[in-house]
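Residue strings, one per chain:
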Amino acid sequence: GEAMAYAAHAKALSELGNREDPMQSFAAAVEALRRARVEVVDPGRRADHDFALRDVTTTLLTVGAAVGGAVAERACSNLLLDSAPLGLRADLTARSPGPAISDFISRVADLPRSRGIDTAVRRALLQQLSATVAVIGTHSRVPWFDFSDIRTNHPDHALLVIGAPQHDATLPLAWAVPTATGPSFVLVPLDQEVVDSLDGLGSAIGSDRSAPLWEELARQWQVQLTEVLLPAELQRWVMHPGGRLAVILPSVLAHLPIEALLIDDVPLGVRAAVSRIPAPNGAPLGPAQSMADINGYLDPAFSWAPEKAALGAEDAHCVGDVAQVPELLGTDTLTLVGCHGTADTRLDGALVSTAGERVLDAIDLLRRPLTDSVVVFESCYSGRYMGERTGEQLTLATSALIAGATAAVAGLFSLPADDHTTGIIVAALIRAVAGGEDAAEALRQAREIYWESRPERVRRPGGESDSMPSDAPWAWAGLVVFTS
């Protein structure tokens, strides 16, 4: 109520043409919102609570857009970061599991690990882990971050923060390039065609609903959403060689394959090294380095010829037994896991073999420190968030980051198990990371290799005789990079 009152006061002042006093009420409303959000520790109830607070956020963003100027743009940019989920922030900043997670993992570490994927005990444990990750401890201090904090930790990156769609049918964007003095902010109007595109991409799960990912007539979003999500300043920045872009997406839009947006007919993810940040945090992005160990597991039911060639060096350690996969994980290590992926609304999902054996899940990832490691999940949906629109982005990828990984490369949607598409990209990625390249730039280079040498058509998942254009996002854009 306090936040709503301050927001209404700020709105009234701005409507009277006042450009200074509204920001005082704006700041008071932000402080009240912070107190209100922190008091709800349970992640399930907090999601509902945050959803109910959208009216206050919409009012404040509207005030900031109306007032304009550097102060208002900075305040709105910080409000977008405040509006993001709270639970993951501390663990991602520390790049190690917090006390509650560590305690939970220590209590389940000695339990036998079933080879099956649907045991009731394992699923129950993963659900408990999800709650543990997302709960705010009653004695914990929730870290708040300004836009400038994220910029400081990514000094050579352009930064884009996308807010959740607002009640007034606008989409808030905040961004800055390294040469800018401060953030820019805008409320982008959303028409029904844009909303339909966003919803269609969210529903593109499984071969029967994946038309937006491959059918040429259903791919207008690649140009349409470029104009909505990428301001002209960012487009100019990523056009230059060596362009880097760090993106914070709201949970409700975490499914968007923004790497496939076209800029002058070339995908963003081919032009620029794109990193996704699952939640605002204070961890600086560390320098890339050569990996001490290179490990891999590849489901024996598939070919994996390019990946096997990339892992063929004498210092690579590959296993075929799923029981050995957790032992591949470690510090200063590049680990590739290629198999099927299952997704759920929390951390219930797992990587599984064609034979139905559990390969890896969040408990396995958090049992071992992954400091300075890079983990590559060549698995469907391993980086896909399918939970509540205001919930924590809990995936295998974020589990790896909590455990200390520098980066996690994971599947945003169904991946083609094809030596001519995903295989080429992953093989090039492995070679680049093994040589000391950071994961985002390594994936950009790998996509570029595919893009420049691709055939006219490639096989489409769902049948040996089905094909799709080789520039379809389904063929090459499913793997994305997550960093802290």
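Residues numbered from 1 in each chain as written. Predicted model: local features only at pLDDT ≥ 70, side-chain atom pairs only at ≥ 80, totals over all residues. Heavy atoms only, no water.

## A few points about the side chain of Ser484
By the secondary structure assignment, Ser484 is in the segment after strand E18 (479-483). Residue Ser484 is classed as buried on the basis of its relative accessible area, which comes to 1%. Only 2.9 Å separates the side chain of Ser484 from the side chain of Arg95, close enough to count as a polar contact. In this structure, Ser484 is in contact with Leu92, Arg95, His154, Ile277, Asn281, Ala283, Leu285, Leu401 and Thr406, ignoring residues within four places of it in sequence. (Helix = DSSP H or I, 4+ residues; strand = E, 2+ residues; numbered from the N terminus. Buried < 20%, exposed > 50% of the residue type's maximum accessible area, 1.4 Å probe, protein only. Polar contact = N/O pair within 3.5 Å; in protein donor to acceptor, adjacent residues only side chain to side chain. Contact = heavy atoms within 4.5 Å.)

## What about the pairing of strand E14 (residues 374-378)?
Within E14, five of the five residues are buried, which leaves it mostly tucked inside the rest of the structure. Judged by which residues are buried, E14 turns out to be covered on both faces: Val374, Val376 and Glu378 on one side and Val375 and Phe377 on the other are all buried. As paired elements, strand E10 (residues 333-338) and E14 share five bridges and run parallel to each other. What sits directly across from Leu336, in E14, is Val376. Two strands pair when backbone bridges link them, and E14 and strand E15 (residues 407-411) are joined in this way by three bridges, in the parallel orientation. Residue Val374 lies in a different strand from E15, and its bridge partner there is Ala407. (Pairing = 2+ DSSP bridges.)

## Here's the deal with the packing of aromatic side chains
Evaluation of the coordinates by the stated rule reveals two aromatic pairs. An angle of 70 degrees between the planes, with centres 5.6 Å apart, marks the rings of Trp451 and Trp476 as edge-to-face. Here the residue Trp451 occupies a position in helix H19 (residues 439-453), and Trp476 occupies one in helix H20 (residues 473-476), the gap between them amounting to 25 residues. Residue Trp451 shares its accessibility class with Trp476, and that shared class is buried. For the cation-ring pair, Arg454 lies above Trp451, with the distance from its terminal atom to the ring centre recorded as 4.0 Å. (Phe/Tyr/Trp six-rings, centres within 6.5 Å; stacked < 30°, edge-to-face > 60°. Lys NZ or Arg CZ within 6 Å of the ring centre and 35° of its normal.)

## Considering the pairing of strand E8 (residues 293-298)
For a regular strand, the rule is simple: side chains alternate between the two faces of the sheet. The buried fraction of E8 amounts to five of the six residues, a majority that puts the element mostly inside the structure. Alignment of E8 against E10, held across six bridges, turns out to be parallel. Counterpart to Gly296 in the pairing with E10 is Leu336.

## Description of helix H5 (residues 69-83)
Relative to the 21 Å expected for 15 residues at 1.5 Å per residue, H5 spans 21 Å between its end C-alpha atoms, a close match to the ideal helical length. Among the residues making up H5, those that are buried are Ala72, Ala75, Cys76, Ser77, Asn78, Leu79, Leu80, Leu81 and Asp82. (Expected span 1.5 Å × (residues − 1).)

## Let's talk about unusual backbone geometry
In this structure, Asp265 is a non-glycine residue whose phi angle is positive, near 70 degrees. Phi at Asp372 is positive, roughly 60 degrees, even though this residue is not glycine. Along the chain, the position of Asp372 falls in the loop between helix H16 (362-366) and E14. Taking relative accessible area as the criterion, Asp372 reaches 36% and is therefore assigned partly exposed.

## A word on empty space enclosed by the protein
Taken as a whole and assessed by the stated rule, the structure comprises five cavities of 30 Å³ or more. As a volume, the largest cavity reaches approximately 440 Å³. Considering the residues around the largest cavity, the lining is formed by 30 residues, among which Thr57, Leu80, Ser83, Ala84 and Ala164 are closest to the centre. Of all elements in the fold, only helix H2 (21-38), helix H4 (54-67), H5 and strand E1 (158-162) reach the threshold of two or more residues within the lining of the largest cavity. Volume-wise, the second largest cavity comes out at about 90 Å³. (1 Å grid on protein atoms, 1.4 Å probe; cavity = no way out; pocket = protein on both sides within 12 Å on 5 of 7 lines; lining within 4 Å. Points joined across faces, edges and corners; volume = space filled by probe spheres on them.)

## Topic: the packing of helix H18 (residues 422-434) against H19
The axes of two packed helices give the description: the angle between them and the distance between them. The contact between H18 and H19 brings their axes to 8 Å, and the two run at 140 degrees. Looking at the two axes, H18 sits oblique to H19. Both H18 and H19 take part in a crossing whose hand is right-handed. Residues Ile424, Ile425, Ala428, Leu429, Ala432 and Val433 of H18 touch H19, and the partners they reach there are Ala439, Ala442, Leu443, Gln445, Ala446, Ile449 and Tyr450. (Axes fitted to C-alpha atoms, helices over the stretch in contact; angles between N-to-C directions. Parallel < 35°, antiparallel > 145°, perpendicular 65-115°, else oblique. Left-handed = near helix turned anticlockwise from the far one by under 90°.)

## Section: the pattern of salt bridges
Evaluation of the coordinates by the stated rule reveals 19 salt bridges. The partner of Arg358 in a salt bridge is Asp361, with the nearest N and O atoms 3.0 Å apart. Measuring nitrogen to oxygen at the nearest pair gives 3.0 Å for the salt bridge that ties Glu441 to Arg444. One end of the pair, Glu441, and the other, Arg444, are both in helix H19, three residues apart, so they sit about a helical turn from each other. Take Glu441: its relative accessible area is 11%, and that puts it in the buried class. (Salt bridge = Lys/Arg side-chain N within 4 Å of Asp/Glu carboxyl O.)

## Focus on the side chain of His154
By the secondary structure assignment, His154 is in the loop between helix H9 (147-153) and E1. Beyond its immediate stretch of four places on either side in the chain, His154 contacts Ala246, Ile277, Ala283, Leu285 and Ser484.

## Concerning the sheet that holds strand E13 (residues 358-360)
What the three strands build is an open sheet, ordered E11-E12-E13; its pairing is antiparallel. Strand pairing shows two members of the sheet lacking a second neighbour, strand E11 (340-341) and E13, which therefore form its edges. Pairing between strand E12 (residues 351-352) and E13: two bridges, direction antiparallel. Along E13, the bridge assignment pairs Leu351 with Leu360.

## Digging into a negative patch on the surface
Taken together, the side chains of Asp191, Glu193, Asp196 and Asp199 present a region of like negative charge at the surface. Along the chain, Asp196 falls in helix H10 (residues 192-202). (Patch = residues over 30% accessible without salt bridge, like charges linked within 9 Å, V, L, I, M, F, W, Y side chains within 5 Å. Areas by Shrake-Rupley, 256 points an atom, 1.4 Å probe, with all protein chains shown as cover. Lys, Arg positive; Asp, Glu negative; His and termini not counted. Charge placed at Lys NZ, Arg CZ, Asp CG, Glu CD.)

## Structural notes on the environment of Ala84
When you line up the elements, Ala84 lands in the loop between H5 and helix H6 (89-94). Residues Ala84 and Thr390, spaced 306 residues apart in sequence, show a C-alpha to C-alpha distance of 7.6 Å. Sequence-distant contacts of Ala84, defined by excluding residues within four places in its chain, comprise Arg37, Arg89 and Pro280.

## Focus on H4
In this model H4 runs 20 Å from its N-terminal to its C-terminal C-alpha over 14 residues, within 8% of the 20 Å that 1.5 Å per residue would give. Among the residues of H4, those classed as buried are Arg54, Val56, Thr57, Thr58, Leu60, Leu61, Val63, Gly64 and Val67. Where H4 is buried, its residues meet helix H1 (2-15), H2, helix H3 (43-52), H5, strand E2 (170-176) and strand E3 (184-189). Within two residues after H4, Gly68 carries a phi angle of roughly 70 degrees, on the positive side.

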